[in-house]
Amino acid sequence: MRILLVEDDNNIGRIIELAMRSLGIPYEFVSVLSAEEGLERWEMQPFDLLITDYNLRGMNGVRLIKTLHERGYYPPTLIVTAYDSAEVRRAAAEAEVDSYMTKPFFIDELIERIKQLLPTAYIVRERAINS
């Protein structure tokens, strides 16, 4: 399981990274500071899940998701934002974002959202292996 986090605030990125340890499954976690860097990493080797902030320097999180779709990638996506508005929610819906959270959020809620987004087949396989 490969998870990409695109978050330009190092503090929030680190908190999310530490929280991810409670997922209970093996995963590779990559954190980058910009959508552009995220796209570069994605092209090198695609990920299974994308978590992105909405408000990034340069390209925003919705544009990142749309760009991935244009390139043929349709990963489960979670967008987080401190700038919740009808406009941002509409843009996220148009980009077919799978889950949307506003900052601040509870870490437990974030982990539950991530678990919901993980591919079902992967979860079933991991449960079988760990049983």
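See the structure above.
We now turn to the structure provided with this report. Because the structure is a prediction, the values reported are computed rather than measured.

Definitions and cut-offs
- Residues numbered from 1 in each chain as written.
- Predicted model: local features only at pLDDT ≥ 70, side-chain atom pairs only at ≥ 80, totals over all residues.
- Heavy atoms only, no water.
- Buried < 20%, exposed > 50% of the residue type's maximum accessible area, 1.4 Å probe, protein only.
- Helix = DSSP H or I, 4+ residues; strand = E, 2+ residues; numbered from the N terminus.
- Pairing = 2+ DSSP bridges.
- Right-handed = clockwise from strand over helix to strand, strands pointing away.
- Axes fitted to C-alpha atoms, helices over the stretch in contact; angles between N-to-C directions.
- Contact = heavy atoms within 4.5 Å.

### Things to note about the pairing of strand E4 (residues 77-81)
For E4, the tally of buried residues reaches five of five residues, placing the bulk of the element in the interior. With burial as the criterion, each face of E4 is covered, one bearing Thr-77, Ile-79 and Thr-81 and the other bearing Leu-78 and Val-80. Judged from the four bridges that link them, strand E3 (residues 49-53) and E4 form a sheet pairing that is parallel. By the bridge assignment, Leu-50 is partnered in E4 with Thr-77. The parallel pair E3 and E4 is bridged by helix H3 (residues 61-70), and the resulting crossover is right-handed.

### Focus: the sheet that holds strand E2 (residues 28-32)
Read across the sheet, five strands follow the order E2-E1-E3-E4-E5 without closing on themselves; strand pairing throughout is parallel. Strand pairing shows two members of the sheet lacking a second neighbour, E2 and strand E5 (99-102), which therefore form its edges. Strand-to-strand twist of the sheet, defined as the mean angle between neighbouring strand axes without regard to direction, takes the value 15°. As paired strands, strand E1 (residues 2-6) and E2 are joined by five bridges and run parallel to one another. When the bridges of E2 are listed, Val-6 appears paired with Val-32. H3 rests against E1, E3 and E4 of the sheet, and its axis sits at about 150° to E3. Contacting E3, E4 and E5, helix H5 (residues 107-117) crosses the sheet at an angle of about 170° to E5.

### Some thoughts on H3
Where burial is concerned, most of H3 is hidden: seven out of the ten residues are buried. Residues of H3 that are buried: Gly-61, Val-62, Leu-64, Ile-65, Thr-67, Leu-68 and His-69. Buried-residue contacts for H3 involve E1, helix H2 (35-44), E3, E4 and helix H4 (86-94). Taken from the residues just after H3, Gly-72 is the one with a positive phi, measuring 90°.

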